[in-house]
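Structural features, examined
Residues per chain, in single letters:
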Amino acid sequence: MNPDFLKYQAQTSPYPLGMEISHAIGSYIYDTNNKKYLDFVAGVSACSLGHQNKRVNDAIKNQLDKYSHVMVYGEYSQNPAVEYCKLLASLLPKPLEKTYLVNSGTEATEGALKLARRVTGRSQFISCYNAYHGNTMGSMSVMGFEERKQIFGPLIQDVDFITFNNESDIQKITTKTAGIILESIQGGAGFIQPENDFLLKVRQHCNEVGALLLIDEIQPGFGRTGKLFGFQNYNIVPDVVILGKGMGGGMPVGAFVASAAHMDLLSDNPKLGHITTFGGHPVIAAACLATLQEITETELMQEALEKEKLFRTLLVHPLIQEIRGKGLMLAAMTQSPEITNSVIFKCQDKGLILFWLLFEGCAIRITPPLTISKEEIQEGCAILLEAMDEVLQEQNKE
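For the rest of this paragraph, the subject is the sheet that holds strand E12 (residues 329-333). Working definition: the strands of a sheet are paired by backbone hydrogen bonds and lie parallel or antiparallel to each other. As summarised here, the arrangement of the three strands in space is E11-E12-E14, forming an open sheet in which the pairing is antiparallel. For this open sheet the edge positions go to strand E11 (322-326) and strand E14 (363-366), each flanked by a neighbour on one side alone. Averaged over all pairs of adjacent strands, the angle between their axes in this sheet comes to 20°, without regard to strand direction. Two elements, E11 and E12, share five bridges in a ladder whose sense is antiparallel. Note that in E12 the partner of Gly325 across the bridge is Leu330.

What follows is the structure, encoded as structure tokens:
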């Protein structure tokens, strides 16, 4: 591991993986020793089209030759951002037609929370236990995991929590609630899908009490579940959609989308209700446009469901208790965090990149690029099963 990496760059944990990256292409990452790793994580769902996708790279280079940053968000009409927002509106159900471009998923959450308060004039938010919506102060306030956030308190007040898929908890949404924020599939909690029309029932109750429904698509979005957005699997239309990760083909970006009537409230009383310097950056927007075009003009979304079937067929092992998730947002569940850790580290040694989920220690994250081939899936699953065989043998010796 490069000692300067630890000395000069702030770390997120005491034990970073520390792989020194040389280059990446397609579904593979190469270290500085030219060892090849098959990528089953895709930058934690961010590299939707793999590494060095030609369409995305060409869009970035073409835009760089024209102009980069010229003015803070929302003042100048910049074609890549305009075209991107226009295309996105055409792909979303009404009245989701106006997009605010920002720099990351957590900033998109911040904007969405502010919008809910501005629209309703209310203060309360409802979130879910084990929810993750980002790591800035507002986003952390609606994180349903006290151990990770209590040291940074006090955070935003007037936040209550419910259990995902618990129908009786829906009654906590009242006429005092500005909005409820939900992931269409809970990510950090273990890739938990809605059951028994849970999202639809929340939608109906929000309509009754005048609360906004904010759906976080930062992980499930952009084709990963077989639909462009996860909520489209569950027969609902949110008031606000929160975007990030896979939106930019590996470039840093986020956005929140709402009706024009709602979004326009951020531009007046007060003016500059939400502002950002680099949101809508033309180079990033060009990458987003190319990514969205590639996902929607090809068969990648439909193929995600076929690839899910292949994963489920191949990944049968005594150490795998179940596989959660949908499409290419999958988690192989083991019996313990210790098994999960051992498998992930063994796989990296063997040339396969896997990763963890935030709150569910038994989960092995499997979120490869949408462009991964069936042959690459077979290759990676063989490595994963080999690693699990070794872990099982070690257990039997104890």
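Time to look at the pairing of E12. Regular strands show a simple pattern: their side chains alternate between the two faces of the sheet. Counting buried residues in E12 gives five out of five residues, a clear majority hidden from the surface. Alignment of E12 against E14, held across four bridges, turns out to be antiparallel. The partner of Leu330 across the bridge, within E14, is Ile366.

We now examine the packing of helix H3 (residues 54-64) against helix H10 (residues 282-297). Between two packed helices, both the angle of their axes relative to each other and the distance between the axes serve to describe the pair. Across the interface, H3 lies against H10 with an axial gap of 8 Å and an inter-helix angle of 150°. Comparing their axes, H10 and H3 come out roughly antiparallel. As H3 runs across H10, the sense of the crossing is right-handed. Mapping the contact onto sequence places Arg55, Val56, Ala59, Ile60, Gln63 and Leu64 in H3 and Pro282, Val283, Ala286, Ala287, Ala290, Thr291, Gln293, Glu294 and Glu297 in H10.

Here we come to the pattern of salt bridges. Per the stated rule, a full pass over the model turns up 16 salt bridges. Across the pair Asp239 and Arg203 runs a salt bridge, and its minimum N-O distance is 2.9 Å. You can see Asp239 sitting in the loop between strand E8 (212-216) and strand E9 (240-243) and its partner Arg203 sitting in helix H8 (residues 198-209), a full 36 residues away along the chain. A relative accessible area of 17% means that Asp239 is categorised as buried. A relative accessible area of 10% places Arg203 in the buried class. With a shortest N-O distance of 2.8 Å, Glu394 and Lys346 are connected by a salt bridge. Here Glu394, found in helix H13 (residues 374-397), pairs with Lys346, found in helix H12 (residues 337-350); they are 48 residues apart in sequence, far enough to count as distant. Salt bridges here are not isolated pairs; linked through shared partners, they connect Lys346, Lys350, Glu386, Glu390 and Glu394.

Our next topic: helix H4 (residues 79-91). Taking 1.5 Å of rise per residue, the 13 residues of H4 would be expected to cover 18 Å, and the 18 Å separating its terminal C-alpha atoms lies within 8% of that figure. By the burial criterion, the buried members of H4 are Pro80, Ala81, Tyr84, Cys85, Leu88 and Ala89. Taken down its axis, H4 places every buried residue within 160° of arc, on the same side. Summarising the geometry of H4, the exposed residues directed more than 90 degrees from the buried face are Lys86 and Ser90. Where H4 is buried, its residues meet H3, strand E4 (98-102), E9, strand E10 (254-258) and H10.

With mixed pairing, the seven strands of this open sheet are ordered in space as E4-E10-E9-E8-E7-E5-E6. Edge positions in the open sheet fall to E4 and strand E6 (159-162), since each of these has one partner strand only. With direction set aside, neighbouring strand axes in the sheet form an average angle of 20°. Bridging between E9 and E10 involves three bridges; their strand directions are antiparallel. From the neighbouring strand, Leu243 faces E10, where its bridge partner is Ala255.

Rules and cut-offs
The residue numbering used here restarts from 1 in each chain and proceeds along that chain's sequence as written. Confidence filtering applies because this is a predicted model: local features only for residues at pLDDT of at least 70, side-chain atom pairs given and counted only at 80 or more, and all residues used for totals across whole chains, interfaces and linings. As a convention, hydrogens and water are excluded, and side-chain values are obtained from all of the structure's heavy atoms. Between any two strands, at least two bridges found by DSSP are needed for them to pair. Each helix is a run of DSSP H or I of at least 4 residues and each strand a run of E of at least 2, with the numbering of both proceeding from the N terminus. Lines fitted to the C-alpha atoms define the axes, with helices restricted to the stretch that makes contact. Angles between their N-to-C directions range from 0 to 180 degrees. Each residue gets one of three labels from its accessible area relative to the maximum for its type: buried under 20%, exposed over 50%, partly exposed in between, using a 1.4 Å probe on protein chains only. In these notes the angle categories are as follows: under 35 degrees is roughly parallel, over 145 is roughly antiparallel, 65 to 115 is roughly perpendicular, and the rest is oblique. For any pair of crossing helices, the crossing counts as left-handed if the nearer helix is rotated counterclockwise from the farther one by less than a right angle, and right-handed if it is rotated clockwise. We call two residues in contact when some of their heavy atoms are within 4.5 Å. For this analysis, a salt bridge means a side-chain nitrogen from Lys or Arg found within 4 Å of a carboxyl oxygen belonging to Asp or Glu. What a helix should span is 1.5 Å times the count of its residues minus one. Of all possible arcs, the one meant is that of the directions from the helix axis to the C-beta atoms.

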